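# A closer look at the structure
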Amino acid sequence: MKIAFLGIGLMGRPMAVNLLNAGYPLTLWNRTRSKAEMLSDHGAMVAQTPAEAIADADIIITMLENGPIVDQILFSNDTAVCYKPGSTVIDMSSIPPVLAKQHSARLKNIGVDYLDAPVSGGTLGAEQRSLAIMAGGDKAVFDRCQTLFSALGNATYIGPAGSGQLAKCANQAIVGITIGAVAEALLLAAEGGADPVAVREALLGGFASSRILELHGQRMIDREFNPGATARVQLKDLRTILDTAKAEELTLPLVQQTCDQYQALVDSGLEEVDHSGLLLQLEMLNGQRTLNDKPTVTPYVLSNQS
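Residues numbered from 1 in each chain as written. Predicted model: local features only at pLDDT ≥ 70, side-chain atom pairs only at ≥ 80, totals over all residues. Heavy atoms only, no water.

A few words on the packing of aromatic side chains. Evaluation of the coordinates by the stated rule reveals two aromatic pairs. Between Phe142 and Phe149, the aromatic rings sit 5.9 Å apart at their centres with planes inclined by 35°, giving tilted as the arrangement. As far as burial versus exposure is concerned, Phe142 and Phe149 are alike and both buried. Between Phe142 and Tyr157, the ring centres sit 5.5 Å apart and the planes meet at 45°, which makes this aromatic pair tilted. Taken together, the positions of Phe142 in helix α8 (residues 139–144) and Tyr157 in strand β9 (residues 153–159) put the pair 15 residues apart, joining distant regions of the chain. What makes Phe142 buried here is its relative accessible area of 4%. (Phe/Tyr/Trp six-rings, centres within 6.5 Å; stacked < 30°, edge-to-face > 60°. Buried < 20%, exposed > 50% of the residue type's maximum accessible area, 1.4 Å probe, protein only. Helix = DSSP H or I, 4+ residues; strand = E, 2+ residues; numbered from the N terminus.)

In structure tokens, the structure reads:
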């Protein structure tokens, strides 16, 4: 089974490495070609264009930043005529659910199967093959892809096309709001004179325990804001949630408030910090930090994998 993997970024790179380690032949494409070429030592082929990458692929995986980019890559004039009949597109990007439904319909019309299968778990989950994969589309297609998904993490079938993206919206609502709650809780504890390290440890043993408190709470204490997932992408996902809610005539006040704070963080020039960096916006809101007090953020580097 030949795979084309489009998008070798923070998440795409470790995912591609895991597929290569599992024995899948991969052809890679990335807008910045050098990022794909870094995996040639792992046995990957590198294509000049998306059309070249997918021309002989049984599976096309996209891991791109947003819906418009996915739309452009999947349906450009060059790409649209290159799909192998009976091939399957698995979009693992985070895009609006309505767009996933449109992509499914358009690909079906040319005899190509489709799954929207966004992921959660960040770069650590991508490296450790422990991503939560939320899949929408035809159940039979999902079942055929289970072995492939097992090389990346744990896949759950959610429902018809677009359902995977709805699950990702739910995930990002919980992640964004909880990051805000953890940041506020640790700041409150510290300003009141308690040791935030001890507070976090105590909370991990109680009802407030969560993966966010465990990992992102530690990031906040360590002031380690190199991105596993960027504030910019978290903001994009929160906007998608609000747009989807509006279409369903829903009001989501907590998501709106969290989105506003991420917008302020991005507007202050910190779009590339980890999304746990919402703490920085909270500190600025409380007069503990100025726009000139920016943390140093270094590019993400994939850990060594055999």
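On we go from here.
This brings us to the environment of Glu52. Along the chain, the position of Glu52 falls in helix α3 (residues 50–54). Classification of Glu52 as partly exposed rests on a relative accessible area of 43%. When the C-alpha positions of Glu52 and Arg13 are compared, they lie 19 Å apart, and in sequence the two are 39 residues distant. For Glu52, the contacting residues outside a window of four places in its chain are Val46 and Ala47. (Contact = heavy atoms within 4.5 Å.)

Here the focus is the side chain of Thr244. Along the chain, the position of Thr244 falls in helix α13 (residues 231–247). In this structure Thr244 touches Pro97, Leu166 and Cys169, once residues within four positions along its chain are discounted.

Here we come to the side chain of Ser93. Structurally, Ser93 can be placed in the loop between β5 (88–91) and α6 (97–108). Ser93 gets classed as buried once you look at its relative accessible area, which sits at 0%. Of the polar contacts made by the side chain of Ser93, one reaches the backbone nitrogen of Leu64; its length is 2.9 Å. Among the polar contacts listed, one links the side chain of Ser93 to the side chain of Asp91, at a separation of 2.7 Å. Beyond its immediate stretch of four places on either side in the chain, Ser93 contacts Thr62, Met63, Leu64, Val70, Pro118 and Gln165. (Polar contact = N/O pair within 3.5 Å; in protein donor to acceptor, adjacent residues only side chain to side chain.)

A separate point is the packing of helix α10 (residues 163–191) against helix α14 (residues 253–267). In the contact formed by α10 and α14, the axes pass within 9 Å of each other and the chain directions differ by 65°. As far as their axial angle goes, α14 and α10 are roughly perpendicular. Judged by the sense of rotation from one axis to the other, the crossing of α10 with α14 is left-handed. Within the contact between the two elements, α10 uses Ala173, Gly176, Ile177 and Ile179 and α14 uses Leu254, Val255, Thr258 and Tyr262. Here the residues of the contact of α10 with α14 sort into six nonpolar, two polar and no charged. (Axes fitted to C-alpha atoms, helices over the stretch in contact; angles between N-to-C directions. Parallel < 35°, antiparallel > 145°, perpendicular 65-115°, else oblique. Left-handed = near helix turned anticlockwise from the far one by under 90°. Nonpolar A, V, L, I, M, F, W, Y, C, P; charged D, E, K, R; others polar.)

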